[in-house]
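The lines below spell out each chain.
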Amino acid sequence: EGTTVALVARRAGLTTGAIYGNFRDKAELLLQTIDRGSARAVADMEAARRAGLSAASRLVMIARRMVGDPQPTQRQLMVEMFTAGRRDPDVAERIAGALGEMEHELGRLMERARADGDVAAEWDPATIARFCMTVGIGYLHLKTAGLADPDTGQWSALVRHLVTAMRESP
């Protein structure tokens, strides 16, 4: 919140005109940065799918990254995004759109998980996607607040257990 477009431009080695030539405002710059990070995560998930990892294994991979992520920048930007949305209704609307797209991608992953037999047909992919988003966003906030990570092995085992349980009908 306290930074300026001029400071962002200076740190990036650009002019403010170059920033405004590509982004409407600071909020759009923030959202685009988050979108880029999300696109990388989706690309990693797609590469894992092409390599033969099941949808369940890909979910465990996402969970393991939550705990083992040594780069706090993307996490901090996500938390800042929520703060910016609380202050500005236009930004909140744009954030809702970005989160909706992320959730949609997770829903597509869950649909593939059903097709692969990793998730029982009775489970709604959109509901699972919302649950995953809730856990992920909550984890981001807890980690940003300074809470220590759980043991990576235990965290992965818990997620693997939950994913395996989704093979059963609700």
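Above this text you will find the structure in question.
Residues numbered from 1 in each chain as written. Predicted model: local features only at pLDDT ≥ 70, side-chain atom pairs only at ≥ 80, totals over all residues. Heavy atoms only, no water.

S.K.: Can you explain the pattern of salt bridges? Please cite residues and give values.
M.R.: One side chain can pair with another of opposite charge once the charged atoms of both are near each other. Counted according to the given criterion, the structure contains eight salt bridges. Between Arg 24 and Asp 90 there is a salt bridge whose closest N-O contact spans 3.8 Å. You can see Arg 24 sitting in the loop between helix H2 (16-22) and helix H3 (26-50) and its partner Asp 90 sitting in helix H6 (residues 89-116), a full 66 residues away along the chain. The exposure class of Arg 24 is exposed, given its relative accessible area of 52%. Residue classification places Asp 90 among the partly exposed positions, given a relative accessible area of 36%. Between Asp 118 and Arg 167 there is a salt bridge, with its nearest N and O atoms 3.4 Å apart. Here Arg 167 lies in the segment after helix H8 (152-165) and Asp 118 lies in the loop between H6 and helix H7 (125-144), a separation of 49 residues in the sequence. Looking at Arg 167, the relative accessible area reads 41%, which means it is partly exposed. (Salt bridge = Lys/Arg side-chain N within 4 Å of Asp/Glu carboxyl O. Helix = DSSP H or I, 4+ residues; strand = E, 2+ residues; numbered from the N terminus. Buried < 20%, exposed > 50% of the residue type's maximum accessible area, 1.4 Å probe, protein only.)

S.K.: So what's going on with H6? Which residues, and what values?
M.R.: The terminal C-alpha atoms of H6 lie 40 Å apart, and with 28 residues this matches the ideal 40 Å at 1.5 Å per residue to within 8%. With a side-chain oxygen positioned 2.9 Å from the backbone nitrogen of Asp 90, the residue opening H6 is Asp 88. Gly 117 lies just past H6 and shows a positive phi near 85°. (Expected span 1.5 Å × (residues − 1). Polar contact = N/O pair within 3.5 Å; in protein donor to acceptor, adjacent residues only side chain to side chain.)

S.K.: I'd love a proper account of the packing of H6 against H7, names of residues and values included.
M.R.: Remark: H6 packs on H7, axes separated minimally by 8 Å, with the N-to-C direction vectors making an angle of 125°. Regarding the angle of H6 to H7, the classification is oblique. Considering how the two elements wind past one another, H6 and H7 form a crossing that is right-handed. Listed contacts from H7 to Leu 99, Met 102, Glu 103, Leu 106, Gly 107, Met 110, Glu 111 and Arg 114 of H6 are Pro 125, Ile 128, Ala 129, Arg 130, Cys 132, Met 133 and Ile 137. Here the contact of H6 with H7 is built from residues that sort into ten nonpolar, one polar and four charged. (Axes fitted to C-alpha atoms, helices over the stretch in contact; angles between N-to-C directions. Parallel < 35°, antiparallel > 145°, perpendicular 65-115°, else oblique. Left-handed = near helix turned anticlockwise from the far one by under 90°. Contact = heavy atoms within 4.5 Å. Nonpolar A, V, L, I, M, F, W, Y, C, P; charged D, E, K, R; others polar.)

S.K.: Report on a nonpolar patch on the surface, specifying residues and quantitative values.
M.R.: Judged by side-chain polarity, Phe 131, Leu 158 and Leu 162 come together as a nonpolar surface patch covering roughly 290 Å² of accessible area. One can find Leu 158 in helix H8. A relative accessible area of 44% places Leu 158 in the partly exposed class. (Patch = residues over 30% accessible without salt bridge, like charges linked within 9 Å, V, L, I, M, F, W, Y side chains within 5 Å. Areas by Shrake-Rupley, 256 points an atom, 1.4 Å probe, with all protein chains shown as cover.)

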